[in-house]
Amino acid sequence: MIDNLINFSYLIASCLFIFGLKLLSSPKTARRGNFISAVGMLLAVVVTLFYQGIIDYKVIAAGLLIGSFIGIYSARKVEMTKMPEMVALLNGFGGLSSLLVGWAANITEPFSYLSSSTIFLSILIGGVTFTGSLIAWAKLSEKLPGRPLIFSFQNVINFALIVSLIACGVFFTIFEINTNYLYATIAGSLLLGILLVIPIGGADMPVVISLLNSYSGLAACAAGFVIKNNILIVSGALVGASGIILTSIMCKAMNRSLKNVLFSGFGAKKAGKGGSQELGEVKSMTSQDAYYVLEAAKSVVIVPGYGLAVAQAQHIVKEFSELLQKNGAEVKYAIHSVAGRMPGHMNVLLAEAGVSYDILAETDDVNPIMNSVDVCLVIGANDVVNPAAIEDKDSVIYGMPIIEAHHAKNVFILKRSMGSGFAGIVNPLFYKDNSTMIFGDAKKTLQELVSEFKN
Amino acid sequence: METQVLLLLAFVLILSIFLGFELISKVPSTLHTPLMSGSNAISGITLVGALISAGNGFSYTSTLLGFFAIVFATVNVVGGYVVTNRMLEMFKKKEEK
């Protein structure tokens, strides 16, 4: 009887997750959606406590308390610019938890092919998610170098590891006494997570985080098969699907296949053709000169990139755009899907600063009107405005959808130096006749522009 | 029996994946970061499995593994929901301020 009630509550919790995700389709209802989803989670946890097999509540209470404390503390404290790191870490913890649940189930569950094969999957996916997310976190927070780390025979080693893991899985499933294979699987999956993410560069992190997000869902699914629990399977599948969709959106935005992102060590080789001499001169100017043009501008498009997050310039750019609006200009923010280090990274930063979401535009909305834009202000973005993607058939980023900043009447580029972007290629935009560089820290330059406007 | 259970679970899995694709493809790109952190919190549902492992008192090792699984899954769940809520709070239109 009580089991039926528990399962019925799981059904309700699944519905709450689904409604929660549905409400995420608009910024107006999203917060309510998140709340509904949290209620579903609370319901699932509370009814589980009534499960008859549970006899010891002290350990559970201790675990829940410690976990909640760490969770609330870190979620309150984290800065918005550090959101990609936070998501990567949380993801990793979810994966680790699936690994541990699988491991514990290998002790408690009676042996059967179904349970041992799914325990294997739960440990494998959980382990890869855990260390993969940790490496992504280390790369994002620059504890590890953001560039791709490539060593010789990388793909051969990975392949060998995957083959041995599959072998492990087969033995693990068919032999009843399988503890050694269990340990081998744990070690192997942890190692695989590291090896898979280490050759991927910083700017490809949006893809990796999305993919790991999907893995954490699949790990939960596998754990659901282990304990034969539908709610884990439903929720895991929803998350898995969400991660896969985001991954494919990110790949499309870079015009690259998932295989290319994961295995090519993109950006490690210097891919650029050293033809910068034929591109012409780079012009630069001071923020004061820029002010005179901006002051007369009727329409301005701002293209933010990862540099905006690094410079923590989201608040000042908001103040600046409001001054432009007061001055009579129409201001739009053009946000490329892969700008920043995770899907939607720029949107969150600008939302934090209080920029209204209805002046944020996507690549496809802003490109058709670019011809009539007086000033396009590129802040800390590089590859997403590189016209080589359209003009140069030999370029590594040829075919990638870009924000066509070069069509604007004036392009101002706020940049620290002439260094090339992540893809390691020259950006012809900087050499165009209508382009001017404003060198220096983006935040400082914007502050100067703001004070010019105020005087 | 075993196969029947597997089929039933697989049935649920496949339908949920289709449902997931339908739901998520409607989320606008503005909300992709909260979507990730929010769905991330949902993937902390392994907490349910962790509770059972930690509470069934089967053996010292399984209880210990369950305990750590609870801690990490709870960080994932609670941290995920709180941080998502913090982000979504900031998404406002101008008029609403």
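Chains are numbered independently. Their residues run from 1 in the order of the written sequence. Chains carry letters and ligands carry numbers; both start at the beginning, A for chains and 1 for ligands, and go up in the order they are written. The model is predicted, so local features are restricted to residues of pLDDT at least 70 and side-chain atom pairs to those at 80 or more, both for listing and for counting; the totals for chains, interfaces and linings are taken over all residues.

This part covers the overall build of chain A. Helix and strand labels come from DSSP, where a helix needs a run of H or I of at least four residues and a strand needs a run of E of at least two; each type is numbered from the N terminus. Check the secondary structure of chain A and you find 17 helices and six strands. Only C-alpha atoms enter the radius of gyration; for comparison, a globular chain is expected to reach 2.2 Å times N to the power 0.38, where N is the number of residues. A compact globule built from 455 residues should have a C-alpha radius of gyration of about 23 Å, and chain A, at 25 Å, falls within 12% of that. Taken over the C-alpha atoms alone, chain A extends approximately 75 × 50 × 35 Å along its principal axes. Exposure criterion: with C-beta atoms placed from backbone coordinates, a residue whose C-beta has 20 or more other C-beta atoms within 10 Å is buried, one with 12 or fewer is exposed, and one in between is partly exposed. Expressed as a percentage of its 455 residues, the buried residues of chain A come to 54%. Taking as baseline every contact in chain A between residues at least 6 positions apart, the subset at least 24 positions apart corresponds to 78%. Residue pairs are scored as contacts if the distance between their C-beta atoms, which are placed from the backbone, is within 7 Å.

Turning next to the overall build of chain B. Scanning chain B for helices and strands turns up four helices and zero strands. Start at the N end of chain B and walk to the C end: the helices and strands fall as α-α-α-α. Compactness check: chain B gives a C-alpha radius of gyration of 18 Å against a globular reference of 13 Å for 97 residues, more than 25% above the reference. Projected onto its principal axes, the C-alpha positions of chain B cover 60 × 30 × 15 Å. The burial tally for chain B puts 62% of its 97 residues in the buried class.

Residues and elements named next belong to chain A. The buried fraction of strand S1 (residues 299-304) amounts to five of the six residues, a majority that puts the element mostly inside the structure. Whether two strands pair depends on DSSP finding at least two bridges between them. Across four bridges, S1 lies against strand S2 (residues 330-335) in parallel orientation. By the bridge assignment, Val 301 is partnered in S2 with Lys 332.

Next up on the list: the domain arrangement of chain A. Size of an interface, as often reported, equals the accessible area lost when the parts are brought together. The domain architecture assigned to chain A consists of domain 1 (1-77), domain 2 (82-269) and domain 3 (276-454). The start and end points of each domain follow an automatic or database-based domain assignment. For domain 1 of chain A and domain 3 of chain A, the distance between their C-alpha centres works out to 42 Å.

Looking now at the environment of Gly 243 of chain A. Residues and elements named next belong to chain A. By the element assignment, Gly 243 lies in helix H9 (residues 230-254). Sequence separation of Gly 243 and Asn 213 is 30 residues, and the distance between their C-alpha atoms is 5.2 Å. With sequence-adjacent residues up to four places away left out, Gly 243 is seen in contact with Ser 210, Leu 211, Asn 213, Ser 214 and Gly 217.

Residues and elements named next belong to chain B. To estimate the expected span of a helix, count its residues, drop one, and scale the result by 1.5 Å. The end-to-end C-alpha separation of helix H2 (residues 32-43) is 16 Å, in line with the 16 Å expected for twelve residues at 1.5 Å each. Counting buried positions over the twelve residues of H2 gives twelve, a clear majority of the element. Inspection of H2 places His 32, Thr 33, Pro 34, Leu 35, Met 36, Ser 37, Gly 38, Ser 39, Asn 40, Ala 41, Ile 42 and Ser 43 among the buried residues, and these make up the whole buried set.

All names here are of chain A. Buried residues dominate strand S4 (residues 375-379), accounting for five of its five residues. Judged by which residues are buried, S4 turns out to be covered on both faces: Val 375, Leu 377 and Ile 379 on one side and Cys 376 and Val 378 on the other are all buried. As defined by bridge partners, S1 adjoins S4 across five bridges and the pair is classed as parallel. Among the inter-strand pairings, Ile 302 is bridged to a residue of S4, identified as Leu 377.

Below, the discussion takes up the confidence of the model for chain A. Residues and elements named next belong to chain A. For every residue, the pLDDT score states the predictor's confidence, bounded by 0 at the bottom and 100 at the top. With 95% of its residues at a pLDDT of at least 70, chain A reaches an overall mean of 88. Put simply, helix H10 (residues 258-263) is where chain A has its lowest mean pLDDT, 80, and helix H2 (residues 30-48) is where it has its highest, 95. In the predicted structure, residues 269-277 sits below a pLDDT of 50 and forms eleven contacts with residues beyond four places in sequence or in another chain.

What follows concerns the environment of Met 86 of chain A. Inspection of the secondary structure puts Met 86 of chain A in helix H4 (residues 83-108). Judged by C-beta crowding, with 24 C-beta atoms within 10 Å, Met 86 of chain A ranks as buried. Each C-alpha atom, one on Met 86 of chain A and one on Trp 137 of chain A, is 7.7 Å from the other, the two residues being 51 residues apart in sequence. When sequence neighbours within four positions are dropped, the list of residues in contact with Met 86 of chain A reads Val 78 of chain A together with Val 83 of chain B.

A separate point is the interface of chain A and chain B. In this assembly, 96 residues from chain A lie in contact with 80 residues from chain B. Mapped by element, the contributors of at least two residues to the side of chain A that touches chain B are helix H1 (2-23), H2, helix H3 (57-77), H4, helix H8 (205-226), H9, helix H14 (345-353) and strand S3 (360-362) of chain A. Top contributing element to the side of chain A that touches chain B by residue count: H4 of chain A, with 17 residues.

Tracing the backbone through its elements, the reader meets Ser 68 of chain A in helix H3. The class for Ser 68 of chain A is partly exposed, based on 17 C-beta atoms found within 10 Å. Residues Ser 68 of chain A and Ile 107 of chain A lie 39 residues apart in sequence; the distance between their C-alpha atoms is 27 Å. Ser 68 of chain A has contacts with Thr 74 and Val 78 of chain B, leaving out every residue within four places of it along the chain.

Generally speaking, a soluble globular protein has its nonpolar side chains buried in company with each other. Residues Val 303, Val 378 and Ile 379 of chain A together with Ala 69 and Ile 70 of chain B are the most contacted members of the largest nonpolar core, which totals 186 residues. In terms of residue count, the dominant contributor to this core is helix H4 (residues 60-90) of chain B (17 residues). Here a nonpolar core is just a set of buried residues of the types Ala, Val, Leu, Ile, Met, Phe, Trp, Tyr and Cys, joined wherever their C-beta atoms sit within 7 Å.

This paragraph deals with the confidence of the model for chain B. Residue and element names in this part refer to chain B. Here chain B averages 89 in pLDDT, while 94% of its residues score no lower than 70. The secondary structure element of chain B with the lowest average pLDDT is helix H1 (residues 2-24), at 89, and the one with the highest is H4, at 94. Our summary of model confidence lists the complex with pTM equal to 0.88 and ipTM equal to 0.93.

This next bit is on the packing of H4 of chain A against H8 of chain A. Residue and element names in this part refer to chain A. Between H4 and H8, the shortest axis-to-axis distance is 9 Å and the interhelical angle comes to 25°. Between H4 and H8, the interaxial angle falls into the category roughly parallel. The way H4 lies across H8 gives a crossing that is left-handed. Between H4 and H8, the contacting residues are Pro 84, Val 87, Ala 88, Asn 91, Gly 94, Gly 95, Ser 98, Val 101, Gly 102 and Ala 105 on the first element and Met 205, Ile 209, Leu 212, Asn 213, Tyr 215, Ser 216, Ala 219, Ala 220, Ala 222, Ala 223 and Val 226 on the second. Taken together, the residues of the contact of H4 with H8 break down into 14 nonpolar, seven polar and no charged. Axis lines are fitted through C-alpha atoms, for helices just across the contact stretch, and the angle between N-to-C directions can take any value from 0 to 180 degrees. The scheme is simple: roughly parallel for angles under 35 degrees, roughly antiparallel for over 145, roughly perpendicular for 65 to 115, oblique for anything else. For any helix crossing, the convention is left-handed if the near helix is rotated counterclockwise from the far helix by under a right angle, and right-handed if that rotation is clockwise. Three classes are used: nonpolar for Ala, Val, Leu, Ile, Met, Phe, Trp, Tyr, Cys and Pro, charged for Asp, Glu, Lys and Arg, and polar for all others, with Gly counted as polar.

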